[in-house]
Amino acid sequence: MGTVIVDVMPKPEILDPQGQAVAGALGRMGLGQFTQVRQGKRFELTVEGEVTEQVLAAAREAATRLLSNPVIEDVVSIREAGS
């Protein structure tokens, strides 16, 4: 079995209240060196067999058509797990 990882993040111009809350909590914990946090989504897609170029192409299609909202999110990476 193989696994494809898809990472989705809010577009830079989109407000990220969860990221802001985490950044504030880090500061209160004494970890103020982290000045900004953006929170995204990670999907793990498991396939039978190896991860091929065709599987990665299908993952790209799934990422753009279902896993992300193109109005407010960017698909930032699609890769085989472990690479």
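Residues numbered from 1 in each chain as written. Predicted model: local features only at pLDDT ≥ 70, side-chain atom pairs only at ≥ 80, totals over all residues. Heavy atoms only, no water.

Peer 1: I tried to follow the overall build of the chain on my own but got confused; where do I start?
Peer 2: Along its length, the chain carries two helices and three strands. In the chain, the succession of helices and strands from N to C terminus is β-α-β-α-β. Taking 2.2 N^0.38 as the reference for a compact globule, 83 residues should give roughly 12 Å; the C-alpha atoms of the chain span a radius of gyration of 16 Å, well beyond that estimate. Projecting the C-alpha coordinates of the chain onto the three principal axes gives extents of approximately 45 × 30 × 15 Å. Sorting the 83 residues of the chain into buried and exposed places 25% on the buried side. Excluding contacts between residues fewer than 6 apart, the proportion of contacts in the chain whose partners are at least 24 apart in sequence is 75%. Here the chain displays about 5,700 Å² of accessible surface, and carbon together with sulfur accounts for 55% of that area. The positive charge centre, built from 8 side chains, and the negative charge centre, built from 11, are 7 Å apart in the chain. (Helix = DSSP H or I, 4+ residues; strand = E, 2+ residues; numbered from the N terminus. Rg over C-alpha atoms; globule rule 2.2 N^0.38 Å. Buried < 20%, exposed > 50% of the residue type's maximum accessible area, 1.4 Å probe, protein only. Contact = heavy atoms within 4.5 Å. Areas by Shrake-Rupley, 256 points an atom, 1.4 Å probe, with all protein chains shown as cover. Lys, Arg positive; Asp, Glu negative; His and termini not counted. Charge placed at Lys NZ, Arg CZ, Asp CG, Glu CD.)

Peer 1: In this structure, what is going on with the pairing of strand 1 (residues 2–10)? I would like to understand it.
Peer 2: A regular strand places its side chains on the two faces of the sheet in alternate fashion. Across the nine residues of strand 1, seven count as buried, placing the element largely inside the fold. Both strand 1 and strand 2 (residues 41–47) contribute to a ladder of seven bridges, which runs antiparallel. Residue pairing for strand 2: valine 8 is matched across the bridge by lysine 41. The sheet contact formed by strand 1 and strand 3 (residues 73–80) spans seven bridges and is antiparallel. By the bridge assignment, valine 4 is partnered in strand 3 with glutamate 80. (Pairing = 2+ DSSP bridges.)

Peer 1: Would you mind showing me how to read the sheet that holds strand 2 here?
Peer 2: Strand pairing in a sheet is mediated by backbone hydrogen bonds. Such pairs are either parallel or antiparallel. In space, the three strands of this open sheet follow the order 2-1-3, with antiparallel pairing throughout. In the strand order of this sheet, the two ends are held by strand 2 and strand 3, each with one partner. Between one strand and the next, the sheet's axes are offset by a mean angle of 20 degrees, whatever the strand orientation. Seen against the sheet, helix 2 (residues 53–67) touches strand 1, strand 2 and strand 3 and runs at an angle of roughly 160 degrees to strand 3. (Axes fitted to C-alpha atoms, helices over the stretch in contact; angles between N-to-C directions.)

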